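Structure assessment
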Amino acid sequence: MKTPDVHDPSFWQGQPDDELRDLRRTCPVAHHQSEGFWVVARHEDIAQISKDPATYSSAKGVLIGDRKRQVAAADSILYIDPPRHVTQRRIVNRAFTVRRVAELAPVIERIASDVLDAIDPGTPVDAVDAISAPVPLLVIAHMLGVPGEDLPAFRAWSDAIAVAATDPTDPRAIAAADFFVYFNERLDARTAEPKDDLLSAVVADSELTRAEQLGFCMTLLVAGNETTRTLISGGLAALADHPEQRAKLAADESLIPAAVEEMLRWVTPIVAMSRTTTSPVEIGGQHVDAGSYLVMLYAAANRDETVFGADAHEFDVARSPNPHLSFGIGEHFCLGAQLARLEARIVFTEILRRWPDYVVCEGRLMGASTLLRETVKLPILFRPNE
């Protein structure tokens, strides 16, 4: 079969699941002849790659578009292999422990309540702008110590940097430059006067260069904002598309943690990540040369019937077990996984308490990206019966 054009953002804007299913079943490790990379579609193979950083390196790129540009370790912790990766990750690990994240619950509850209070439930609103974007943005801004008046610029930078990962343009490069100027100044301020926030944790490590510190800030901003936004938007859409599943949650809030895991599987906010082979390997029955670029299709792996069963193509809020790969696996398992889960649980609990019968209106729009499975517009009428 023809290998899907997973490098084309428009592929992900459509309905890719059937093509990914066929790839997973017939040729789970396939070479894309015209683009020169390999795609990996099976859960087992992606887990194997992710757990072996010595053989499958992140240093030459982790995004589909990285294969065509030079990357540097200072760009992001995502591009660092062990043992240096372990050292850098330890710097902010303490801010994302189970205990520290749990302590954020009252803050997130207040943020979610304020955001939802501002909605007129009788008038259609874009749930991305009204809920999915502001909640994670406000949470990560709180953790980074960013003042409220800077939040509009904060979101603009985050959006530009996330899109630039797959579609770099001059305006997005300028936005990234503005981001680095802003955070360079804030890192200077934390150096002079530390506080109890993530920026102070970053500057406290004397081994990091300023470029590495700025890379940390960029990763924390995008990873702590864009992916959770995509999870919440996609989850709202999934519940609307499956009203019987939504009714289960509205009737039994104890199902919400499992439902969030199913949303993560179903939506797969980060659709793919990449690695480069450091030696010749055999994977999925295919010989792959050293120096080959492998694109791990999380979106395909999260529908793998050998892992999730014959109903892998169905949305089930009570699914258990649910070993999805939406946060990755191995050394690069998402640092903010517990935070994203907590935010989603709080948001969906509050929405279903207030408006369990919300309706998605016409105008839903998916984004074109090889990184995010992004809902960019989601018009919702939260109180349709009044």
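First things first, this report covers the structure right here in the doc.

Rules used throughout
- Residues numbered from 1 in each chain as written.
- Predicted model: local features only at pLDDT ≥ 70, side-chain atom pairs only at ≥ 80, totals over all residues.
- Heavy atoms only, no water.
- Helix = DSSP H or I, 4+ residues; strand = E, 2+ residues; numbered from the N terminus.
- Rg over C-alpha atoms; globule rule 2.2 N^0.38 Å.
- Buried < 20%, exposed > 50% of the residue type's maximum accessible area, 1.4 Å probe, protein only.
- Contact = heavy atoms within 4.5 Å.
- Areas by Shrake-Rupley, 256 points an atom, 1.4 Å probe, with all protein chains shown as cover.
- Phe/Tyr/Trp six-rings, centres within 6.5 Å; stacked < 30°, edge-to-face > 60°.
- Lys NZ or Arg CZ within 6 Å of the ring centre and 35° of its normal.
- Pairing = 2+ DSSP bridges.
- Salt bridge = Lys/Arg side-chain N within 4 Å of Asp/Glu carboxyl O.

Some words on the overall build of the protein chain
Across its full length, the protein chain holds 18 helices and 12 strands. Computed over C-alpha atoms, the radius of gyration of the protein chain comes to 20 Å, within 12% of the 21 Å expected from 2.2 N^0.38 for 386 residues, which places it in the range of a compact globule. In terms of overall dimensions, the protein chain has C-alpha extents of about 60 × 55 × 40 Å along its principal axes. With 386 residues in all, the protein chain has 54% of them scored as buried. For the protein chain, the share of sequence-separated contacts (at least 6 apart) that also reach a separation of at least 24 residues comes to 70%. Roughly 16,100 Å² of accessible area belongs to the protein chain as shown, and the carbon and sulfur atoms make up 52% of that amount.

Quick word on unusual backbone geometry
In this chain, P82 is followed by P83 through a cis amide linkage whose omega measures 5°. Here P83 is to be found in the loop between β3 (56–57) and α4 (84–93). Along the chain, S320 connects to P321 via a cis peptide bond; the corresponding omega equals 0°. Note on placement: P321 falls in the loop between α17 (305–308) and α18 (337–354). The phi dihedral of T268 falls on the positive side, at around 50°, and the residue is not glycine. Mapped onto the secondary structure, T268 falls in the loop between α15 (256–267) and β5 (272–277).

Side note on the packing of aromatic side chains
Inspection of every chain in the model, using the stated rule, returns 8 aromatic pairs. Ring centres of Y182 and F183 lie 5.1 Å apart, and the angle between their planes is 75°; on these two criteria the pair is classed as edge-to-face. Each member of the pair, Y182 as well as F183, is classed as buried. On the numbers, 4.8 Å between centres and 45° between planes, the contact of W355 with F382 is tilted. Linking W355 in the loop between α18 and β9 (359–360) with F382 in the segment after β12 (379–381), this pair joins segments that are 27 residues apart in sequence. Members of the aromatic cluster, joined through ring pairs, are F179, F180, Y182 and F183. The cationic tip of R246 hangs over the ring face of Y358; the distance from NZ or CZ to the ring centre is 4.5 Å.

Topic: the sheet that holds β12
Across the sheet, which stays open at both edges, the 3 strands sit in the order β4-β12-β9 with antiparallel pairing between neighbours. Looking at strand neighbours, the two that pair on one side only are β4 (125–126) and β9, the edges of this open sheet.

Thoughts on the pattern of salt bridges
Overall, the coordinates contain 25 salt bridges when judged by the stated rule. Taking the shortest distance from any N to any O, the salt bridge between E305 and R24 comes out at 3.0 Å. Highlighted residues: E305 in helix α17 and R24 in helix α2 (residues 17–26), separated in sequence by 281 residues. Classification of E305 as partly exposed rests on a relative accessible area of 24%. Overlapping salt bridges bring together R99, R100, E103 and D196 as one network.

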